[in-house]
Amino acid sequence: MTALQEQFDATIGRGDRIEPRDWMPEGYRKTLVRQIAQHAHSEIIGMQPEGNWITRAPSLRRKAILLAKVQDEAGHGLYLYSACETLGVSRGELTEMLIEGRQKYSSIFNYPTLSYADVGTIGWLVDGAAICNQVPLCRTSFGPYGRAMIRICKEESFHQRQGFELLMTMMRGTDEQQAMVQESVDRFWWPSLMMFGPPDDESPNSAQSMAWGIKRNGNDELRQRFVDMTVPQAKALGVTLPDPDLVWNEARGAHDFGQPDWSEFTQVVKGNGPCNAQRIAHRRAAHEDGAWVREAATAFAASPLVEVRGASATNVPLVGVRGASATNVPLVGVRGASATNVPLVEVRGASATNVPLVEVRGASATSLETEGEN
């Protein structure tokens, strides 16, 4: 064992964090890339099912709430992509791997949202399951991932409360609304349990991830927590969870419950779920449609200076120089500049001599051809 490996093991053993510049085994790095990327992809793909209802939300208030939530999910994806980039893989590479089917996202987002009640059910059950999964990740062994999770979990907690509130409002409504909620819960209950992954003895990655401190709890433990948390909430809502085996076990101090159809889970993960093709096609189209933005941003970043603040320049073609001192420089948008013999456009707070100016604000000027002076 090398000294670097010993140092890494000691850090993990103490419960301390590994940072991007620290040495790490290649297997640890690859596991992190896989897990963080899958999490990031899930946040981005997860915008689609609920985004489906933004234009059809029943009120302006509900529309605003849903818009804010979908926007939050986009932000979560960006936090996580940024954390993944510290491991030496670019956001572009991650997106390509997702589109090409070389990386996965959460199976739950391959199910359709057939009614508006699904918006509330996703908030209550799906975000509730996400919270059970993600709160322990705030203590994960990789620093950037754990720090990103702190803010994400705070916002996911709000999303769950929002979903519960929506369902509670509908359950106080008409018989039709109540039936809509129950039907939605019936469809999303089992896929929500699948979100925790397969049973521990069938999970190929859990044991090593826990040994490295990337995960803090096993799939089965987290699934049990979710069930125990959700049962009293379902009672408060007045809905029935569609599991005939769900019963309180006094001896264990926890609920016994049935198992999802793991063959269905396997098929969804393989890309054969109800909406797999649709989700990836939509993501691919969005990526291709946004190519011109990425190209423009790249060209902008590679171009000569466009906006220089506090610059001193001579004979430099600049655009948007603020607080600059320049001589014989063709400038556009110079604020707080002192210039001589310079053709300027929009000089604010400038002292200039013999300068043809357009829109001089707060300027002291002599022998100027000015237009639009304020």
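Residues numbered from 1 in each chain as written. Predicted model: local features only at pLDDT ≥ 70, side-chain atom pairs only at ≥ 80, totals over all residues. Heavy atoms only, no water.

**Observations concerning the overall build of the chain**
Our working rule: Helix and strand definitions here come from DSSP, where helices need a minimum of 4 consecutive H or I residues and strands a minimum of 2 consecutive E residues; each element is numbered from the N-terminal end. Relative accessibility decides the category of a residue: with a 1.4 Å probe and only protein chains considered, values under 20% of the type maximum give buried, values over 50% give exposed, and everything between is partly exposed. Between two residues, a contact is recorded if the distance between any of their heavy atoms is within 4.5 Å. Note on areas: Shrake-Rupley with a 1.4 Å probe; residue coverage comes only from the protein chains shown.
When helices and strands are counted, the chain shows 13 helices and 14 strands. Going through the 374 residues of the chain one by one, you find that 47% of them count as buried. For the chain, contacts bridging at least 24 residues in sequence account for 58% of all contacts bridging at least 6. Accessible surface computed for the chain: about 18,400 Å², of which carbon and sulfur atoms make up 55%.

**So, the packing of aromatic side chains**
Which entries qualify depends on this criterion: Stacked, edge-to-face and tilted labels apply to pairs of Phe, Tyr and Trp rings (six-membered ring for Trp) whose centres lie within 6.5 Å, assigned for plane angles under 30 degrees, over 60, and everything in between, in that order. Two conditions define a charge sitting above a ring: the NZ of Lys or the CZ of Arg must be within 6 Å of the ring centre, and it must be within 35 degrees of the ring normal.
Per the counting criterion, the structure on display carries eight aromatic pairs. Arranged with centres 5.6 Å apart and planes meeting at 45 degrees, the rings of phenylalanine 196 and phenylalanine 226 form a pair that is tilted. Residue phenylalanine 196 is located in the loop between α8 (175-194) and α9 (206-211), and its partner phenylalanine 226 is located in helix α10 (residues 219-237); the two are separated by 30 residues in the primary sequence. Note on phenylalanine 226: relative accessible area 0%, which makes it buried. Ring pairs connect the aromatic residues Phe8, Trp23, Tyr28 and Trp212, which therefore count as one cluster. A cation over a ring is seen here: arginine 56 above tryptophan 53, with NZ or CZ 3.8 Å from the ring centre.

**Concerning the packing of helix α12 (residues 276-289) against helix α13 (residues 291-302)**
What counts here: Between N-to-C directions, angles cover 0 to 180 degrees, with each direction set by a line fitted to C-alpha atoms, over the stretch in contact for helices. By the convention adopted, Pro, Cys, Tyr, Trp, Phe, Met, Ile, Leu, Val and Ala count as nonpolar, Lys, Arg, Asp and Glu as charged, and the other residues, Gly among them, as polar.
Running from amino to carboxyl end, α12 crosses α13 at an angle of 35 degrees, the nearest separation of the two axes being 4 Å. Residue-level inspection shows His287, Glu288 and Asp289 of α12 in contact with α13, the latter providing Ala291, Trp292 and Arg294. Of the residues in the contact of α12 with α13, the class split is two nonpolar, one polar and three charged.

**Topic: the environment of asparagine 217**
Counted only if it meets this: The definition of a polar contact used here is a pair of N or O atoms within 3.5 Å, where within protein one atom must be able to donate a hydrogen and the other to accept one, and adjacent residues in sequence count solely through side-chain atom pairs.
Along the chain, asparagine 217 turns up in the loop between α9 and α10. The spatial distance from the C-alpha of asparagine 217 to the C-alpha of alanine 207 is 9.7 Å, given a sequence separation of 10 residues. If we skip the residues at most four places from it in the chain, asparagine 217 touches Pro136, Met210, Leu222 and Arg225. In this structure the side chain of asparagine 217 is engaged in a polar contact, spanning 3.1 Å, whose partner is the side chain of glutamate 221.

**Things to note about the environment of leucine 166**
Along the chain, leucine 166 falls in helix α7 (residues 143-171). Judged by its relative accessible area of 2%, leucine 166 is buried. For the pair leucine 166 and arginine 62, spaced 104 residues apart in sequence, the C-alpha separation works out to 8.9 Å. Each residue touching leucine 166, except ones within four places of it in the same chain, is listed here: Arg62, Tyr116, Val119 and Gly120.

**Observations regarding the pattern of salt bridges**
To keep it simple, the criterion reads: The rule for a salt bridge is simple: a side-chain nitrogen of Lys or Arg has to be within 4 Å of a carboxyl oxygen of Asp or Glu.
Summed over the entire model, instances satisfying the criterion amount to 14 salt bridges. Close ionic contact of glutamate 50 with lysine 69 constitutes a salt bridge, the shortest N to O distance being 2.7 Å. Of this pair, glutamate 50 sits in helix α3 (residues 47-51) while lysine 69 sits in helix α4 (residues 60-85), and the two are 19 residues apart along the sequence. The residues glutamate 50 and lysine 69 share a single accessibility class, namely buried. A salt bridge links arginine 151 to glutamate 155; its shortest N-O distance comes to 3.3 Å. Taken as a pair, arginine 151 and glutamate 155 lie in helix α7 at a separation of four residues, close to a single helical turn. Residue arginine 151 is classed as partly exposed on the basis of its relative accessible area of 47%. Taken together, the salt bridges that share partners define one network made up of Glu50, Lys69 and Asp127.

Geometric values such as these leave the question of function open.
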